[in-house]
Every structure is written in structure tokens, then in C-alpha cells.
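Observations on chain architecture
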Amino acid sequence: MKIRTRFAPSPTGYMHIGNLRTALYCYLIAKHDGGDFILRIEDTDQQREVEGAIDLIYQVMEETGLYYDEGPDKDGGVGPYIQSQRLPIYHEYAQKLIELGGAHYCFCEGELEGEDPCIHLSQEEIQEKLNEGILHVIRQTIPTTGTTSFDDEVYGHIEVENQTLNEGILIKSDGYPTYNFANVIDDHLMNITHVVRGNEYLSSTPKYNLIYNAFDWQIPTYIHLPPVNKDETHKLSKRNGDASYQDLKKQGYLKEAILNYIALLGWSPEDEEILSLDDLIQQFNIAHISKSPAIFDIDKLKWMNGVYLRNMSLEQFHELLLPYYQSITRDVDLLELSRVLQPRLEKLSDVEESIDFINEPHPFDASIYTHKKMKTNPENSLEALLLVRERIENFNEFDNDEAMSDFFVNLAKEKELKNGRIMWPVRVALTNKSFTPGGAVEIAHILGKEETLRRIDQAIIDLQQ
Ligand code: GLU
């Protein structure tokens, strides 16, 4: 039997990390076995719907490469794939379920406490009320005795007493189905074999199984996923403004790194953690999904993003950084800049700060010349810069890092100084920053001879004041 999974987001205007993780796992479970991955839009809660949200879902799926085999814009014969377009289907099955004794009309207002009195209405009484146009819902009818059980692939055997299940609404008074009804009907009609979703649905699953049983339909394999938490006690939630895919992209994380990282939120690979989407398809296995909550660790994502940046070719990395270089007005060696940034950068949005000395150095600050380890201070830095200034006039290989490094090292040797006594003052003179991407050699290379001399001259003037 071909595996069929579905990702069933509600269009709320936001691709929460937990949602994307569900989408990814659905995709991986299907693709690992050559199955189908289906996108279904669950928009039956019209009040929660946000304009443009469906397009956003398409966009994220496309961007992350989670291509679906069937969905609203890709009919595989079991559509429509947008729930608000399936209302007649839900009504038809609600009627059938009533006939089978699995549901009933309810004319009560507000929340029910205890048994639903409408369960005792006769056929005639119901028809009368319907004819009068009294507002009503269709509720699930739950047996008062017995138990319902199932085996979840992650959480194991679950068994509940039927009497603990509430007779929830299946069709609301506005004619829309609730999730509790629509998910069962759709999963069955769309031939979904594996239901993959957050564990908040675990406790309602027995109710869904009662519906499957009433129709005599095959119950799908259930894979409930652990929550993604912010820390030990708090769930990541959009209400708290926690991370969404879009936010992470904006913060400069690569989609490959985001996808790789969220794959590990609830699943652990055999060994290597850096995994492409293809690797994940190959390696993903349901048996390694964990039931304990996953913690969203932004530092780990940062680290992983850095790994992805370093694993690129210099050309790819450079290409990626070009948009960030638009603020540079000086004619500098941008490829060298990328080469220097690549081993150090953790996320793209850090570029701005790393390169903010290129158009102009930061304002002069004598204290930066004092460096304990380098044994420098403003006085001996001035001496070092005067020396460098005198000799560098005749040095012309600014684009040869090795030659430039030799130049500084030889100068230090000649004066019997540690390298840092020369290099640190030059680095500060060129930037007026204590943290820079690369040292004196790389920065002089990036800036070129003319600008390097100009900045050293200016530093000498500043230090002489
Ligand atoms: N529409 C539900 C949600 O966004 C999906 C649950 C499911 O995957 O069945 O939470």
C-alpha cells in the first residue's frame, strides 16, 4: 500500500516552526517510502482566517522544497483540498453518521454540561425543530460504556473510557464542520494512510476513531509529534511572538539550515547531524521520533547555519552576500571580503555589523589601541604605525596575503617585537573597532593600498593629538 501523508495547516498568516516541522515530517515519512505528500488547507474556522495566508503557505512549501504531490493547485482526484470548498461533503457524511447512530442533532445553546438532553429527542421532535428553523449543531454521539483504544507510533498504546469523552460538535450552527469532524472525513476520502500531527490531538483521537468505526472505515496509522518548547516549561507559540519560518529567514538563516535544524526537533539521526533534504528522506524513520518535548535552541541553529555557510563554495557564499554589500560605496575587494567573512559568519544579518568600517572607520577611540595580550598601548601603537607608514610606502602586493603577512612579520623581527605589536595597531588604525572580520593583513587587502595609507595617516594624526 502506498503511503499517503498530508500536511493540513490552518491559514492563520504565519508558518510557525512547529507547523513547518509537522510539514517536514509528513513529507519525509511519505518520501522515505516513495509515497504521496498532500497539502490540505483547513480553513473551517473562518474567524481565524487571515488574508493572504494561503499564498504564504504555498510560498513556504515552494521555498523549502517540500513539494506536494496533491493540493489545492494540484488535483489528484480526491479534491477539493480546501475544506471550505467541501461543505456538501461534510453534510452528506454527517447525515450518514446520524443514521449510523454516531451523531445527533442538538438544539441546546452554549456549552453542554453532562449528557446532551437532545439525545432523547424523537424523530418527530427533531423534524419539528428543524422545520421551525431553530439554530442547531450536529454533535458526536459517544457510547456511555466501553473503552476505545489505539496504538500511536510514537506514544504507544492509548486507551480511554468512552464516558470520559465529550460529545463534541461536528457541524457548527454556521454549517461549517469542526476540525474534529473534517479531519476524519478528509483523511478517509483522501486515502491518508499515516496521520502526522502535533500531540495536542492525541487525546481527541479516540473520538475520531469512534467515527471511523461507525463508518466501518480503516483507521490510519497515527504519528503524534512532541511539542516544540522554548524552554523546560514554555511551549513555543505564535501568541508569544516566537519564531516563525519567516522570522528566521528575516534574521538571516538559510532555509537549508532551518529545515535541517527543525528535522532534529523531535527526531534523532543515527550519527551525522548535518543533513540535506535528500539525506533526511533517506534516513528518516518513525522509530526515532521522540515523545519528549523538543527544545528550540537558537544557538544550535546559529551554529548549524554557520556550518552551512562554511560548506558552500566561496562563489556561492559571495553570491549570497552581494545584496548585503550594496551599502558599500568604496571600491574594495569584495571577493576577499567574502573569503574573510565565510569562516566567521553565523548568519547573514550579521554581515552589516561586520562590514560597517568599510566606507569609513569608526570614530577614533584611543582606548582600543590598548590590548593586554598584544602588549600595545596608544604610545607604542603610534611608534608602530609611524614605522609601518614609512615602510609600507614601497610595498605593493596588497592583494597577496602571504607577502603582506611577511612584510609585517619581518618588520617586527627587525625591531625585535612580537607580531602583535605591529599587527594590532594596524588593524585598529584601519577600523577603529576591537572586533573585526580578519586581521591587519586581510583588512588592508580588502581596503587596498591607497585607503590603507590614508587610514594609517589619519590614525597617526589622531594618536598625536
Ligand atoms: N489544521 C490543524 C492545525 O493547523 C492541523 C492538524 C492536523 O494536522 O491534523 O493545527
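Residues numbered from 1 in each chain as written. Predicted model: local features only at pLDDT ≥ 70, side-chain atom pairs only at ≥ 80, totals over all residues. Heavy atoms only, no water.

To be explicit about the condition: UniProt positions are given in the numbering used here, feature names are shortened, and annotations may be inferred rather than shown by experiment.
Looking at an unreviewed UniProt entry, one finds the protein chain named Glutamate--tRNA ligase and attributed to Longibaculum muris. Under Subunit (unreviewed entry), UniProt gives the following word-for-word description of the protein chain: "Monomer." Under the Catalytic activity (unreviewed entry) heading, UniProt states for the protein chain: "tRNA(Glu) + L-glutamate + ATP = L-glutamyl-tRNA(Glu) + AMP + diphosphate".

1. Notes on the site of the ligand
Note the cut-off: Residues are counted as near a molecule or strand when any one of their heavy atoms sits within 4 Å of it. Polar contacts here mean pairs of N or O atoms no more than 3.5 Å apart (in protein, one a potential hydrogen donor and the other a potential acceptor; neighbouring residues in sequence count only if both atoms are side-chain atoms). Per-residue accessibility takes into account occlusion by the displayed protein chains alone, with areas from the Shrake-Rupley method and a 1.4 Å probe. Gly falls in the polar group here, along with every residue not listed as nonpolar (Ala, Val, Leu, Ile, Met, Phe, Trp, Tyr, Cys, Pro) or charged (Asp, Glu, Lys, Arg).
Taken together, Arg-6, Ala-8, Ser-10, Glu-42, Tyr-179, Arg-197 and Tyr-201 form the complete shell of residues around the ligand. In this structure, a nitrogen atom belonging to the ligand sits 2.7 Å away from a side-chain N or O atom of Glu-42. Contact distances for the ligand include 2.4 Å between an oxygen atom and a side-chain N or O atom of Tyr-179. Considered on its own, the ligand offers 290 Å² of accessible surface; in the complex 85% of this is hidden by protein. When grouped by side-chain class, the residues that make up the shell around the ligand number three nonpolar, one polar and three charged.

2. Re the pairing of strand 1 (residues 4-7)
What counts here: Three exposure classes are used, based on accessible area relative to the maximum for each residue type with a 1.4 Å probe and protein chains only: buried under 20%, partly exposed in between, and exposed over 50%. Elements are defined by DSSP. Helices are runs of H or I of four residues or more, strands are runs of E of two residues or more, and each kind is numbered from the N terminus. Handedness rule for crossovers: strands pointing away from the viewer, path from the first strand over the helix to the second running clockwise, crossover right-handed.
Here strand 1 shows two buried faces, one formed by Arg-4 and Arg-6 and the other by Thr-5 and Phe-7. Chirality of the crossover, the property in question, places the unit of strand 1, helix 1 (residues 17-32) and strand 2 (residues 36-39) among those that are right-handed.

3. Re a negative patch on the surface
Which entries qualify depends on this criterion: Patch membership requires over 30% relative accessible area and the absence of a salt bridge. Like charges are linked within 9 Å, and nonpolar side chains (Val, Leu, Ile, Met, Phe, Trp, Tyr) within 5 Å. Should a side-chain nitrogen of Lys or Arg be within 4 Å of a carboxyl oxygen of Asp or Glu, the pair is scored as a salt bridge. Positive residues here are Lys and Arg, negative ones are Asp and Glu, while His and the chain termini are left out of the count. A single reference atom marks each charge: NZ on Lys, CZ on Arg, CG on Asp, CD on Glu.
Residues Glu-124, Glu-125, Glu-128 and Glu-132 make up a contiguous surface patch of negative charge. Take Glu-132: its relative accessible area is 56%, and that puts it in the exposed class.

4. Quick notes on helix 15 (residues 401-414)
Three or four residues apart is the spacing at which side chains of an α-helix point the same way, because the helix has 3.6 residues per turn. Put simply, the test is: A helix's residues, less one, multiplied by 1.5 Å, set its expected span. Two residues qualify as a contact provided that any one of their heavy atoms is within 4.5 Å of a heavy atom in the partner residue.
Under the 1.5 Å per step criterion, the end-to-end length of helix 15 is 20 Å for 14 residues, consistent within 8% with the ideal 20 Å. Among the structural elements, helix 12 (334-341), helix 14 (378-392), helix 16 (419-431) and helix 17 (440-447) are those in contact with the buried residues of helix 15. Capping of helix 15 at its N-terminal end is provided by Asn-400; its side-chain oxygen lies 3.2 Å from the backbone amide nitrogen of Glu-402. Just past helix 15, the residue Glu-416 takes up positive phi, approximately 55°.

5. Structural notes on unusual backbone geometry
The omega angle of the peptide bond from Gly-79 to Pro-80 is -5°, so this bond is cis rather than trans. Despite not being glycine, Asn-191 has its phi angle at roughly 55°, a positive value. Tracing the backbone through its elements, the reader meets Asn-191 in the loop between helix 5 (179-189) and strand 8 (194-198). Its relative accessible area of 45% is what places Asn-191 among the partly exposed residues.

6. Remarks on the side chain of Asp-36
When you line up the elements, Asp-36 lands in strand 2. On the basis of relative accessibility, which here comes to 12%, the residue Asp-36 falls in the buried class. One polar contact links Asp-36 to Arg-4, side chain to side chain, over a distance of 3.1 Å. If near-sequence neighbours (up to four positions away) are discounted, Asp-36 is found in contact with Lys-2, Ile-3, Arg-4, Thr-5, Ala-30, Lys-31, Asp-69 and Glu-70.

7. A look at the packing of helix 5 against helix 6 (residues 205-215)
Applied cut-off: Fitted lines through C-alpha atoms serve as axes, helices being fitted only where they are in contact, and the angles separating the N-to-C directions of these axes extend from 0 to 180 degrees. Oblique is the label for every angle not falling under 35 degrees (roughly parallel), over 145 degrees (roughly antiparallel), or within 65 to 115 degrees (roughly perpendicular). A crossing counts as left-handed when the near helix is turned anticlockwise from the far one by less than a right angle, and as right-handed when that turn is clockwise.
The contact between helix 5 and helix 6 brings their axes to 10 Å, and the two run at 50°. The angle between helix 5 and helix 6 places the two elements in the oblique class. At the point where helix 5 passes helix 6, the crossing takes the right-handed sense. Between helix 5, through Tyr-179, Asn-180, Phe-181, Asn-183, Val-184, Ile-185, Asp-187 and His-188, and helix 6, the contact on the second element is made entirely by Lys-207, Tyr-208, Ile-211, Tyr-212 and Phe-215. Classifying every residue of the contact of helix 5 with helix 6 gives eight nonpolar, three polar and two charged.

8. Regarding the pattern of salt bridges
Under the counting rule described, the total for this entry stands at 27 salt bridges. Between Arg-40 and Asp-186 there is a salt bridge whose closest N-O contact spans 3.7 Å. Taken as a pair, Arg-40 in the loop between strand 2 and helix 2 (53-64) and Asp-186 in helix 5 lie far apart in primary sequence, 146 residues in all. The exposure classification of Arg-40 matches that of Asp-186, with both residues buried. A salt bridge links Glu-336 to Arg-339; its shortest N-O distance comes to 3.0 Å. Here Glu-336 pairs with Arg-339, and both are found in helix 12, just three residues apart, close to one helical turn. For Arg-339, a relative accessible area of 37% corresponds to the partly exposed category.

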